[in-house]
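# Tertiary structure, described
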Amino acid sequence: MTIKSTGEPKKLRVTGAEAIMLSLIHEGVDTIFGYPGGAIMPAYDALMNYSDQLRHILTRHEQGAIHAAQGYARVTGRVGVCMATSGPGATNLITGIADAQIDSTPLVCITGQVAAGLLGTDAFQETDVIGISMPVTKWNYLITKAQEIPEIMAQAFYIARTGRPGPVLIDIAKNAQFGELDFEYHKCVRMRSYVPEPRISLDNLKAAAALINKAKKPYVLAGQGIILGGAEKEFLQFVEKSGIPVAWTILGACALPKDHPLNVGMLGMHGNYSTNLKTNECDLLIGVGMRFDDRVTGDVARYARQAKVIHLEIDKAEINKVIPADVPIHGDVKDTLPLLTKLIEKRAHESWLREFKEIDRIEYDKVIRHDLFPSKPGLTMGEVINVINEKTKGEAIAVTDVGQHQMFASRYFHFKNSRSFVTSGGLGTMGFGLPAAHGAKIGAPDKQVILFVGDGGFQMTIQELGTINQTQAAVKIVLLNNKYLGMVRQWQQLFFDKRYSETYLLNPDFIKVAEGFGIKGKKVLERHQLNSAIQEMLDFQGPYLLEVSIEKEDNVFPMVPTGASVSDVILEPKK
């Protein structure tokens, strides 16, 4: 049966399970990541009737399904969809849901539930997934009647994609999937008590413009809200008219091309030296679509105390939550930035920008030069990323897991295009990388998708190699193997007297593991092998694992120690 999502909705008699599929089609969904089981089996049975319109990716674990849906959503800007059964199937989604919630990733998660008559009886594979997921979802709902499905599905997609995006979970009782209804679908365009687009204060815009026009050392902090709002063009116009230096959070990495002359680098714990130091020297701080995370601010009591603060943010709960705003601008940055740009004067801050560049030279000499062009025998993560940059010219999508490699990738990978960096930011979920890279490649099949992953995180979801083999998605996996939980080991080295408690990993032969899953691979042990091995990986038509042996104490600097001020950023370990 083929139902087009355009034109007048057609009323027809269907089961609840079919209504789920038809709702997805009407919302423009083309891909579902999931894993079947008893309570969701009616929906999977109905899926077979719509396989020409809905592609299902069978992951090897429900966590793989939701991280893949996240990767898909992050590169496409569309709502990612995943599906799982009740009980353990639903609870296996929770980590990914929490990750999506804190990183504002739009998802609709569909879970099966025991029949309504069995709710509360501790039936086989019954869990209160609504109660469990409530703290980590933007919205959730339990459907117990087939007639509810079209309306609730429409609301789910509306809530997931509007305002500050986020994950929505719809739990559907088995009897509702078997029940029948007259199907009619209307996309949701508004909901009572939910206001995703707030009224913009023109007075606050004028006050912000006045601060910008008189500031001598203004500083913009760019967050992921620019990307989520599709406001990259509007942000570029604002930046180029104002002439203000721009630093970015790890999730805001693609808001401005990395080679733009006003892009001064990454913020935060492992951000650039200048971007951290200048935070406590600016006279005006402008946060755009970011939430002043603790990894960005360090010690809040010593953060930008000298500066006036303007905060452009769509989520009212984030305004004044961490850093008080002298001028809050509540609204979608795609709407507020053009209004603000009209009110500001055309300016240049050349001497202020030069101060960043002078400090950058110090960082290059003490850190970057050694990361990218090491003189020591062992390979470094930075030089691997640098070679890949030379070959991909900024056109690839980078996906990372969590750890040292994540920080090296965010610092050194060349981002030319928006939505070309996918990582777990706020939750820092190890195991995110491999399934997220798969989802990213499904969402952007014409792009080169390169995963940077450590040996620890890789083993958390290594079974998803089976999913990648089944789809033959050409994900290029760069395994940076130092045989340690590297980020924890670095902290143990710096702050725990090199007491490496439970961070050494006795790893398998990853190349043989990949071959067991039908994926070609190669291991690099020495520098002279690196260039040709990377070229072979990039040229290969299909998924590929490139394992690179990295020296153990390849540490990430600069670093703001936990609890320290951003002014206390260090460039090298204390001797």
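Only a predicted model underlies this, so the values are computations on that prediction, with no experimental measurement involved.

### Considerations on the overall build of the protein
Looking only at helices and strands, one finds 23 helices and 20 strands in the protein. A compact globule built from 575 residues would reach a C-alpha radius of gyration of about 25 Å, and the protein, at 24 Å, matches this within 12%. Among the 575 residues that make up the protein, the fraction classed as buried is 59%. Contacts spanning at least 24 positions in sequence make up 77% of the contacts within the protein whose residues lie at least 6 apart. Within the structure as shown, the protein displays about 22,900 Å² of accessible surface, and the carbon and sulfur contribution to it stands at 52%. Within the protein, one finds 62 positive and 63 negative side-chain charges whose respective centroids are separated by 5 Å.

### Thoughts on the pairing of strand E12 (residues 284–288)
The buried count for E12 comes to five of five residues, which makes it a mostly enclosed element. Neither face of E12 is open: one carries Leu284, Ile286 and Val288, the other Leu285 and Gly287, and all of them are buried. Pairing geometry for strand E9 (residues 218–222) and E12, over five bridges, is parallel. Bridge pairing in E12 places Pro218 opposite Leu284.

### Remarks on the sheet that holds strand E20 (residues 544–549)
The strand order E16-E15-E17-E18-E20-E19 describes an open sheet built from six strands, whose pairing is parallel. Every other strand in the sheet has two partners, leaving strand E16 (421–422) and strand E19 (520–524) as the edge strands with one partner each. Pairing of strand E15 (residues 397–400) with strand E17 (residues 449–454), which is carried by four bridges, proceeds in the parallel orientation. Directly across from Thr400, in E17, lies its bridge partner Phe452. Packed on one face of the sheet, helix H17 (residues 404–412) meets E15, E16, E17 and strand E18 (476–481) and runs near 140 degrees to E17.

### Quick word on the side chain of Ser410
Here Ser410 is to be found in helix H17. Relative accessible area serves as the criterion here: at 0%, Ser410 is assigned to the buried category. Of the polar contacts made by the side chain of Ser410, one reaches the backbone oxygen of Met407; its length is 2.9 Å. Not counting chain neighbours up to four residues away, the residues in contact with Ser410 comprise Trp248, Ile250, Lys258, Met266, Phe415 and Phe421.

### Points about the domain arrangement of the protein
When cut into domains, the protein gives domain 1 (12–183), domain 2 (202–354) and domain 3 (377–550). Placing the centre of domain 2 and that of domain 3 at their C-alpha centroids yields a distance of 31 Å. Note on domain 2 versus domain 3: buried area summed over both sides is about 1,400 Å², and carbon and sulfur give 62% of it. It is Cys254, Lys258 and His270 that lose the most area in domain 2 upon contact with domain 3, and together they represent 41% of the buried surface on that side. Run the count over domain 2 and domain 3 and you get zero salt bridges. Across the contact surface, domain 2 and domain 3 share six residue pairs in polar contact (both at pLDDT 80 or more).

### Examining the nonpolar core
With 101 residues, the main nonpolar core has Phe235, Leu285, Ile286, Ile310 and Phe452 as its most contacted residues. In terms of residue count, helix H15 (residues 350–372) provides more of this core than any other element does, seven residues in total. Structurally, this core is a two-domain feature, drawing no fewer than three residues from each of domain 2 (202–354) and domain 3 (377–550). Setting aside residues no more than four positions away along its own chain, Ile310 makes contact with Ala208, Leu211, Ile212, Leu284, Leu285, Ile286, Gly287, Val327 and Ile329. Residues Cys109, Ile130, Leu169 and Ala444 belong to the second largest nonpolar core, which totals 49 residues.

### Focus on H15
With 23 residues, H15 ought to run about 33 Å at 1.5 Å a step, yet its terminal C-alpha atoms sit only 28 Å apart, falling short of that. Of all the bends in H15, the greatest, near 55 degrees, is centred on Tyr364. All buried positions along H15 are accounted for by Trp352, Leu353, Phe356, Ile359, Glu363, Val367, Ile368, Asp371 and Leu372. Those residues of H15 hidden inside the fold are in contact with E9, strand E11 (263–266), helix H12 (273–277), helix H16 (381–392) and H17.

### A word on unusual backbone geometry
Residue Phe557 is joined to Pro558 through a cis peptide bond whose omega torsion reads 0 degrees. Assignment of secondary structure puts Pro558 in the segment after E20. Its identity as a non-glycine residue notwithstanding, Lys393 has a phi of 55 degrees, on the positive side. Mapped onto the secondary structure, Lys393 falls in the loop between H16 and E15. You can call Lys393 exposed: its relative accessible area is 56%. You will see that Gln472, though not glycine, has its phi angle at about 55 degrees, which is positive.

### So, H16
Under the 1.5 Å per step criterion, the end-to-end length of H16 is 17 Å for twelve residues, consistent within 8% with the ideal 16 Å. Burial analysis of H16 places ten of its twelve residues in the buried class, which makes it a mostly covered element. All of the buried residues in H16 are Met381, Gly382, Glu383, Val384, Ile385, Asn386, Val387, Ile388, Asn389 and Thr392. Contacts from the buried residues of H16 go to H15, H17, E17, E18, helix H23 (527–539) and E20.

### Overview of the packing of H15 against H17
For the pair H15 and H17, interaxial distance at closest approach is 12 Å and the crossing angle is 110 degrees. In terms of axis orientation, H15 runs roughly perpendicular to H17. Like other packed secondary-structure pairs, H15 and H17 cross with a definite hand, here left-handed. Counted together, Glu363, Val367, Ile368, Asp371 and Leu372 of H15 and Phe408, Arg411 and Tyr412 of H17 form the full contact between these two elements. Of the residues contributing to the contact of H15 with H17, the split by class is five nonpolar, no polar and three charged.

Conventions used here
Residues numbered from 1 in each chain as written. Predicted model: local features only at pLDDT ≥ 70, side-chain atom pairs only at ≥ 80, totals over all residues. Heavy atoms only, no water. Helix = DSSP H or I, 4+ residues; strand = E, 2+ residues; numbered from the N terminus. Rg over C-alpha atoms; globule rule 2.2 N^0.38 Å. Buried < 20%, exposed > 50% of the residue type's maximum accessible area, 1.4 Å probe, protein only. Contact = heavy atoms within 4.5 Å. Areas by Shrake-Rupley, 256 points an atom, 1.4 Å probe, with all protein chains shown as cover. Lys, Arg positive; Asp, Glu negative; His and termini not counted. Charge placed at Lys NZ, Arg CZ, Asp CG, Glu CD. Pairing = 2+ DSSP bridges. Axes fitted to C-alpha atoms, helices over the stretch in contact; angles between N-to-C directions. Polar contact = N/O pair within 3.5 Å; in protein donor to acceptor, adjacent residues only side chain to side chain. Domains from an automatic or database assignment. Buried area = accessible area lost by both parts, 1.4 Å probe. Salt bridge = Lys/Arg side-chain N within 4 Å of Asp/Glu carboxyl O. Core = buried A, V, L, I, M, F, W, Y, C linked by side-chain atoms within 4.5 Å. Expected span 1.5 Å × (residues − 1). Bend = angle between axes of the 7 residues up to and from the residue. Parallel < 35°, antiparallel > 145°, perpendicular 65-115°, else oblique. Left-handed = near helix turned anticlockwise from the far one by under 90°. Nonpolar A, V, L, I, M, F, W, Y, C, P; charged D, E, K, R; others polar.

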